Amino acid sequence: MSSALTDLFTHPIVQAPMAGGVSVPRLAAAVSEAGGLGFLAAGYKTADGMYQEIKQLRGLTDRPFGVNLFLPQPESADRAAVDVYAHQLAGEAGWYETELGDPDSGRDDGFDAKLSVLLDNPVPVVSFHFGCPARDVLDALRRVGTRTLVTATTPDEARAVERAGADGVIAQGVEAGGHQGTHRDIPETDGSGLGLLSLVAQVREAVGIPVVAAGGIMRGGQIAAALAAGASAAQLGTAFLVTPESGAGPLHKQAMTNPLFVRTELTRAFSGRPARGLVNRFLREHGPYAPAAYPEVHHLTSPLRKAAAKAGDPQGMALWAGQGHRMAREMPAGRLVEVLAAELDAARARLSGGAR
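Scope of this entry: the structure provided in the associated data block. (Residues numbered from 1 in each chain as written. Predicted model: local features only at pLDDT ≥ 70, side-chain atom pairs only at ≥ 80, totals over all residues. Heavy atoms only, no water.)

**Here we look at the pairing of strand 11 (residues 275–278)**
In this structure, strand 7 (residues 178–179) lies alongside strand 11, joined through two bridges in antiparallel fashion. Counterpart to Gly178 in the pairing with strand 11 is Arg276. Strand direction decides the pairing type here: strand 10 (residues 264–267) and strand 11, joined by four bridges, are antiparallel. Residue pairing across strands places Leu266 opposite Arg276, the latter belonging to strand 11. (Pairing = 2+ DSSP bridges. Helix = DSSP H or I, 4+ residues; strand = E, 2+ residues; numbered from the N terminus.)

**Let's talk about the layout of surface pockets**
Empty space among the atoms can be located by rolling a probe the size of a water molecule over them. By volume, the second largest pocket amounts to about 350 Å³. Taken together, 20 residues make up the lining of the second largest pocket; nearest its centre are Thr153, Thr154, Thr182, Thr189 and Ser192. (1 Å grid on protein atoms, 1.4 Å probe; cavity = no way out; pocket = protein on both sides within 12 Å on 5 of 7 lines; lining within 4 Å. Points joined across faces, edges and corners; volume = space filled by probe spheres on them.)

**Let's talk about unusual backbone geometry**
In this structure, Pro295 follows Tyr294 across a cis peptide bond, with omega equal to 10°. One non-glycine residue, Tyr44, lies in the positive phi region at around 70°. Its place among the elements puts Tyr44 in the loop between strand 2 (38–41) and helix 3 (47–60). Accessibility expressed as a relative area gives 32% for Tyr44, which makes it partly exposed. (Buried < 20%, exposed > 50% of the residue type's maximum accessible area, 1.4 Å probe, protein only.)

**Some details on the packing of helix 3 against helix 6 (residues 111–120)**
Orientation of helix 3 relative to helix 6, taken along the N-to-C sense of each, is 30°, at an axis distance of 8 Å. The angle between helix 3 and helix 6 places the two elements in the roughly parallel class. Between helix 3 and helix 6 the crossing geometry is right-handed. Touching Ala47, Met50, Tyr51 and Ile54 of helix 3 are Ala113, Lys114, Val117 and Leu118, all from helix 6. Along the lines of polarity and charge, the residues of the contact of helix 3 with helix 6 split into seven nonpolar, no polar and one charged. (Axes fitted to C-alpha atoms, helices over the stretch in contact; angles between N-to-C directions. Parallel < 35°, antiparallel > 145°, perpendicular 65-115°, else oblique. Left-handed = near helix turned anticlockwise from the far one by under 90°. Contact = heavy atoms within 4.5 Å. Nonpolar A, V, L, I, M, F, W, Y, C, P; charged D, E, K, R; others polar.)

**Quick look at the environment of Leu100**
The topology assignment puts Leu100 in the loop between helix 5 (90–95) and helix 6. Relative accessible area serves as the criterion here: at 24%, Leu100 is assigned to the partly exposed category. Sequence separation between Leu100 and Pro303 is 203 residues; the distance between their C-alpha atoms is 6.1 Å. Not counting residues up to four positions away in its chain, the partners in contact with Leu100 are Ala86, Leu89, Ala93, Leu300, Pro303 and Leu304.

**A closer look at the side chain of Arg276**
Considering the arrangement of structural elements, one finds Arg276 in strand 11. Only 2.8 Å separates the side chain of Arg276 from the backbone oxygen of Val174, close enough to count as a polar contact. With residues near it in sequence (within four places) discarded, Arg276 still touches Val174, Glu175, Ala176, Gly177, Gly178, Thr264, Glu265, Leu266, Trp320, Ala321, Gly322 and Gln323. (Polar contact = N/O pair within 3.5 Å; in protein donor to acceptor, adjacent residues only side chain to side chain.)

**Quick look at the environment of Arg79**
Mapping Arg79 onto the fold places it in helix 4 (residues 79–88). C-alpha separation for the pair Arg79 and Gly316, spaced 237 residues apart in sequence, amounts to 24 Å. Once residues lying within four places of it in the same chain are set aside, the contact partners of Arg79 are Pro103 and Asp104. In this structure the side chain of Arg79 is engaged in a polar contact, spanning 2.7 Å, whose partner is the side chain of Asp104.

**Regarding the sheet that holds strand 10**
Strands pair in a sheet through their backbones, by hydrogen bonds, and they do so in one of two ways: parallel or antiparallel. In space, the three strands of this open sheet follow the order 7-11-10, with antiparallel pairing throughout. Pairing within the sheet leaves two strands with one partner each, and these edge strands are strand 7 and strand 10.

**Some points on the environment of Lys114**
Here Lys114 lies in helix 6. When its relative accessible area of 2% is taken as the criterion, Lys114 is described as buried. Once the C-alpha coordinates of Lys114 and Val169 are considered, the two residues, 55 residues apart in sequence, prove to be 21 Å apart. Once you skip the residues sitting within four places of it in the chain, Lys114 turns out to touch Ala42, Gly43, Tyr44, Lys45, Thr46, Ala47, Met50, Leu69 and Asp109.

**Structural notes on the side chain of His298**
With respect to the helices and strands, His298 occurs in helix 14 (residues 296–310). Residue classification places His298 among the buried positions, given a relative accessible area of 10%. Excluding anything up to four places from it in sequence, His298 contacts Tyr44, Phe270, Ser271 and Arg305.

Take a look at the structure:
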């Protein structure tokens with residue numbers, strides 16, 4: 001792995017930036033302090049909200065950390081389909097005694113304002129989701145000393161990331177929890193994503209920049225497999241979601257290992273973009289009919305999800321989770337980094353022993 005990234009952490013363990021209040025400063029600080037790379041999620045926050053979290057994180061650690069941004073999305077949604085979906089959700093609004101959200105609440109996630117903050121107050125790493133930023137954006141960040149990572153879900157996307165000038169690519173397998181970071185939202189390709197190890201191997205052959213593996217990783221042995229496939233580090237989200245430092249709500253944390261939730265699916269039900277979550281009532285009833293309309297559907301369902309959480313009803317929440325969710329371990333985030341690092345060392349020792 002390029003020293004442009006390896007000097008940021010002791011262990012090749014990156015805590016995934018989970019939007020929606022999960023990746024809070026105390027979680028990122030705990031991971032970075034333990035020798036991993038902690039991340040803040042700026043998605044769905046205002047530029048000032050992001051800045052305040054960065055200030056808080058810097059008060060907790062002087063170790064390197066990252067901030068994740070969502071790319072602005074093109075206006076491609078079929079408004080008639082969004083209206084039909086809103087009509088379908090009217091019963092949910094009545095049940096939870098709330099109003100549906102305004103689908104036209106904004107589609108750029110305050111990208112330009114957040115980028116300005118990060119250029120004026122540089123952080124060690126910035127990563128991007130839902131597309132690849134233009135070269136001038138990546139060059140501007142490089143000039144202020146920030147390293148950049150961009151999520152890709154195919155070898156072609158990884159090539160685009162390298163051409164744009166990013167320092168590294170996050171290869172996100174279909175096993176990953178939360179939103180798939182596809183550069184273009186093409187409904188015809190739903191469910192056809194590559195598994196992580198196959199993706200990492202293909203991306204490794206496609207590009208010359210460092211690869212960070214993401215998707216379903218819960219154990220140090222899996223990190224070792226990803227490294228053997230060509231990755232230089234691994235990014236874990238669901239594994240850190242259940243830690244006490246995580247900002248996930250109690251219902252979300254409990255659902256990871258609750259026998260009521262036995263599997264995950266990719267769905268558009270909550271946001272209009274493919275995202276992997278635990279299969280619950282809302283996903284089953286509305287997933288088949290949700291349109292390809294992000295962020296319109298996200299804005300539309302936001303009050304429903306908040307009302308369900310307030311009512312203590314996980315059946316109406318977006319319970320984002322990777323395929324390895326049943327392997328979640330409740331322990332402090334710093335301790336989890338240590339355990340993962342020890343498991344990685346043990347796996348490497350087994351591999352080297354087998355080679356003799």
